[in-house]
Amino acid sequence: MRIGARPIVRLTDRTENAAKHADTYTLYPRFTSGGSGDKSISVKSTTRSLRALKGVRPIVCLTAYDAITARIAEDGGADLILVGDSVGNTVLGMPDTVGVTLDMMIHHAAAVARAKPEALIVGDLPFGLAHDSFPKLLNYCRRFLQEGGVKAVKIEGGASLALAIARLVDAGIPVMGHVGMLPQRVNSAGYRRRGLTPEDQQKVLIDAQAIAAAGAFALVVECVDEAFMPQITAAVKCPTIGIGSGRGCDGQILVIHDLLGLTPYPPPFARPEANLHRDAVAAIKRWATKVRAKKTK
Ligand code: KIV
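Residues numbered from 1 in each chain as written. Predicted model: local features only at pLDDT ≥ 70, side-chain atom pairs only at ≥ 80, totals over all residues.

### Points about the confidence of the model for the protein
Phase 1: Mean pLDDT over the protein works out to 89, with 86% of the residues at or above the 70 mark.
Phase 2: When the criterion is pLDDT under 50, residues 1-38 qualifies, and its contacts beyond four places in sequence or with other chains add up to 49 contacts. (pLDDT = per-residue confidence, 0-100. Contact = placed C-beta atoms within 7 Å.)

This is the structure:
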């Protein structure tokens, strides 16, 4: 039986069928045999496939801001690529994410989309825009999908945005939520770890449940007390993607520049797996020495 050109496959057949239909296969999650966490077959990630990974295997998410970082994230096996507004601090030399605009985000998202990753591309809605009127918000998201090539948007904020998110989802805009510490609110709340008191835990939990109930396909939970994190993961049906929130999440996200050792002062929870800044400086010094000695041929 077929719907359009897409074959329907039974779950038990999925390894075999994923291999057969590797180019069009979108019905099931990126399948990893034995749940080792390595991708054995690369298939396109979708919001549905990522949702289905909750309780199956941890979801790997990374930021990217251009075609090069998108390719690196994709080749490294990311399931989801976030074009984060962290582009402000990591790439554009800004002190925080507040100065990032939708036009900047679309410019970077389009570069990521040109790398054609199989990971799901999500675009971060910049500061303030989610609180605009619904027709304007819908138009920002429409531009992100149509001009930026993203497949979903991420929106920072809690229960007060649940209605707007439900309307976006209803309009065909997949939304990833973002609760806990909200970097876009640096000027009003600072960079403060969340969930350290029972009262604050209650607030974070209400936000997480409201956004999940509004139809978010996944939820970033940033800098929440790690002892409390499992409670959030258990309370929502969609996957929780942690950053600085410990292991009790359904997946993890990191800023790629922090992971690769390109950021001068990465946050304490980000443990770099490489030191590309040091390696790049050393490479340039070697080449500069050759140039000065006229030995580049
Ligand atoms: O902008 C960003 O990079 C983010 C994450 C790291 C979650 O929001």
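### Thoughts on the nonpolar core
If you look at soluble globular proteins, the nonpolar side chains tend to sit buried side by side.
Phase 1: Core analysis: the largest hydrophobic core is formed by 79 residues, its most contacted members being Ile-81, Ala-216 and Leu-219.
Phase 2: Considering every element that reaches this core, the biggest residue donor is helix α5 (residues 102-114), with 6 residues. (Core = buried A, V, L, I, M, F, W, Y, C linked by C-beta atoms within 7 Å. Buried ≥ 20, exposed ≤ 12 C-beta atoms within 10 Å, placed from the backbone. Helix = DSSP H or I, 4+ residues; strand = E, 2+ residues; numbered from the N terminus.)

### Considerations on helix α9 (residues 198-213)
For the α-helix, the turn length of 3.6 residues means that residues three or four positions removed from each other point alike.
Phase 1: Over its 16 residues, α9 extends 22 Å from the first C-alpha to the last, a length consistent with the 22 Å expected when each residue adds 1.5 Å.
Phase 2: Residues of α9 that are buried: Val-204, Asp-207, Ala-208, Ala-210, Ile-211 and Ala-212.
Phase 3: Close packing links the buried residues of α9 with α7 (162-170), β7 (175-180), β8 (218-222) and α10 (229-235). (Expected span 1.5 Å × (residues − 1).)

### Remarks on the pairing of strand β3 (residues 59-63)
Phase 1: With 5 of 5 residues buried, β3 lies mostly within the body of the structure.
Phase 2: Going residue by residue along β3, you find Ile-59, Cys-61 and Thr-63 tucked away on one face and Val-60 and Leu-62 tucked away on the opposite face as well.
Phase 3: Pairing analysis gives 4 bridges linking β3 to strand β10 (residues 251-254), with the strands arranged parallel. By the bridge assignment, Cys-61 is partnered in β10 with Ile-253.
Phase 4: In this structure, β3 lies alongside strand β4 (residues 80-83), joined through 3 bridges in parallel fashion. (Pairing = 2+ DSSP bridges.)

### Details of the sheet that holds β10
Phase 1: With parallel pairing, 8 strands are arranged side by side around a closed barrel as β3-β4-β5-β6-β7-β8-β9-β10. Sheet twist, expressed as the mean angle between neighbouring strand axes with direction ignored, is 25°.
Phase 2: Relative to β8, β7 is paired through 5 bridges, and the arrangement is parallel. Bridge pairing in β8 places Met-176 opposite Ala-218.
Phase 3: Of the strands in this sheet, β4 and β5 (120-124) are in contact with α5, which crosses β5 at around 170°. (Axes fitted to C-alpha atoms, helices over the stretch in contact; angles between N-to-C directions.)

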